[in-house]
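So the chains spell out like this:
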Amino acid sequence: LGSGILEAVIQNAAESEVYGLDLELDWLLADGLTFSFRGTWLDSEVTAWDSADPEESAARIGNELPGTPELTLFGALDWQQPIGDQLLQARLWANYADQAFRDIENTPALLSDDYTTVNARVGLLFADRWTVYLFSQNLFDEEYVTSRRILVGMLGEYYGPPRTYGLGLRY
């Protein structure tokens, strides 16, 4: 007799195919102002599954790989301005991730939504060696799911970090 507790089992697909396209762009808009863009498009598919159960194999072949959003985007504006012997630096950037299945079965209840986070940092560089900066991660306090699982018959969700502020020192 079992304990009634379900276990999470990690398995590898026998074969899969992943096709994609990456795009990177850095553009100097003006002296001290740069725009950066990164984009990735992915198409993933399980093409073979090793199992003694033919129904299990048939249910997984053709599915998307878990945790592979079709589209991810990154954009940033970087600005810097000399102030005496120091350099004032500011950065505003955003990350976007498309929805993604969180299990190999591509269960609709485990499909995480797309999300966008915006981050900011402003700092002062001293003697080309150390920087004091203020930062904010997830500036607009986006609530987003990074993982979903069904364990013991219940849906569990893991969220990305909330808005965070801080002061940093880098040497």
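Before any of the text, the structure's been laid out above.
Bear in mind the structure is a predicted one, so any value in this text is a computation, not a measurement.

1. Digging into unusual backbone geometry
Here is step 1: Here Ala-127, not a glycine, exhibits a phi torsion of approximately 50°, which is positive.
Here is step 2: Along the polypeptide, Ala-127 turns up in the loop between strand S7 (115-126) and strand S8 (130-137).
Here is step 3: Of note in this structure, Asp-141 is not a glycine but carries a positive phi near 55°.
Here is step 4: With respect to the helices and strands, Asp-141 occurs in the loop between S8 and strand S9 (145-151).

2. Focus: the side chain of Arg-102
Here is step 1: Here Arg-102 is to be found in the loop between strand S5 (100-101) and strand S6 (111-112).
Here is step 2: Although Arg-102 is buried, it makes no salt bridge; Asp-103 carries the closest opposite charge, 8.7 Å away.
Here is step 3: Here Ser-112 takes part through its side chain, which lies 3.0 Å from a polar atom of the side chain of Arg-102.
Here is step 4: Looking at Arg-102, its side chain comes within polar contact range of the main-chain oxygen of Thr-146, at 3.3 Å.

3. Side note on the sheet that holds strand S2 (residues 33-48)
Here is step 1: Taken in spatial order, the seven strands make up an open sheet running S1-S2-S3-S4-S7-S8-S11, and their pairing is antiparallel. With one partner strand each, in any of the chains shown, strand S1 (15-30) and strand S11 (164-170) form the two edges of the open sheet. The sheet shows a mean angle of 15° between the axes of neighbouring strands, taken without regard to direction.
Here is step 2: In the sheet, S2 pairs with strand S3 (residues 71-83) via nine bridges, with the strands oriented antiparallel. Bridge assignment links Phe-35 to a residue of S3, and that residue is Leu-77.

4. Side note on the pairing of S3
Here is step 1: Summarising the sheet, S3 and strand S4 (residues 86-97) pair through twelve bridges and their orientation is antiparallel. Bridge assignment links Leu-73 to a residue of S4, and that residue is Tyr-96.
Here is step 2: The antiparallel hairpin formed by S3 and S4 contains two residues in its connecting segment, where Gly-84 sits at a positive phi of about 65°.

5. A short note on a nonpolar patch on the surface
Here is step 1: A cluster of nonpolar side chains, contributed by Val-122, Trp-130, Val-132, Leu-134, Leu-167, Leu-169 and Tyr-171, occupies part of the molecular surface with about 750 Å² of accessible area.
Here is step 2: Elements supplying a minimum of two residues to the nonpolar patch: S8 and S11.
Here is step 3: No other element matches S8, which puts three residues into the nonpolar patch.
Here is step 4: Mapped onto the secondary structure, Trp-130 falls in strand S8.
Here is step 5: Trp-130 gets classed as partly exposed once you look at its relative accessible area, which sits at 33%.

6. What about the packing of aromatic side chains?
Here is step 1: Tallied over the entire structure, the rule returns three aromatic pairs.
Here is step 2: Relative to Tyr-144, the ring of Tyr-115 has its centre 4.2 Å away and its plane inclined at 15°; by these criteria the two rings are stacked. Residue Tyr-115 is found in strand S7, and its partner Tyr-144 is found in the loop between S8 and S9; the two are separated by 29 residues along the sequence.
Here is step 3: The buried category is assigned to Tyr-144, whose relative accessible area is 11%.
Here is step 4: Their ring planes at 50° and their centres at 6.1 Å tell us that Tyr-133 and Phe-135 sit as a pair that is tilted.
Here is step 5: Under the relative-accessibility criterion, Tyr-133 is labelled buried at 16%.
Here is step 6: Positioned above the aromatic ring of Trp-93 is the side chain of Arg-91, whose terminal nitrogen or guanidinium carbon lies 5.5 Å from the ring centre.
Here is step 7: Stacked on the ring of Tyr-133, the Lys or Arg Arg-121 has its end atom at 5.9 Å from the ring centre.

7. Here's the deal with the pairing of S9
One face of the sheet, then the other: side chains in a regular strand alternate in exactly this way.
Here is step 1: Where S9 meets strand S10 (residues 154-159), six bridges bridge the pair, whose relative direction is antiparallel. Opposite Arg-148, over in S10, you have Glu-157 as the bridge partner.
Here is step 2: In textbook terms, the turn of a hairpin is the stretch between consecutive antiparallel strands, and for S9 and S10 this stretch comprises two residues, one of which, Val-152, has a positive phi near 50°.

Each value, and the rule that gives it
Residues numbered from 1 in each chain as written. Predicted model: local features only at pLDDT ≥ 70, side-chain atom pairs only at ≥ 80, totals over all residues. Heavy atoms only, no water. Helix = DSSP H or I, 4+ residues; strand = E, 2+ residues; numbered from the N terminus. Buried < 20%, exposed > 50% of the residue type's maximum accessible area, 1.4 Å probe, protein only. Lys, Arg positive; Asp, Glu negative; His and termini not counted. Salt bridge = Lys/Arg side-chain N within 4 Å of Asp/Glu carboxyl O. Polar contact = N/O pair within 3.5 Å; in protein donor to acceptor, adjacent residues only side chain to side chain. Pairing = 2+ DSSP bridges. Axes fitted to C-alpha atoms, helices over the stretch in contact; angles between N-to-C directions. Patch = residues over 30% accessible without salt bridge, like charges linked within 9 Å, V, L, I, M, F, W, Y side chains within 5 Å. Areas by Shrake-Rupley, 256 points an atom, 1.4 Å probe, with all protein chains shown as cover. Phe/Tyr/Trp six-rings, centres within 6.5 Å; stacked < 30°, edge-to-face > 60°. Lys NZ or Arg CZ within 6 Å of the ring centre and 35° of its normal.

Keep in mind these numbers describe shape, not what the thing actually does.
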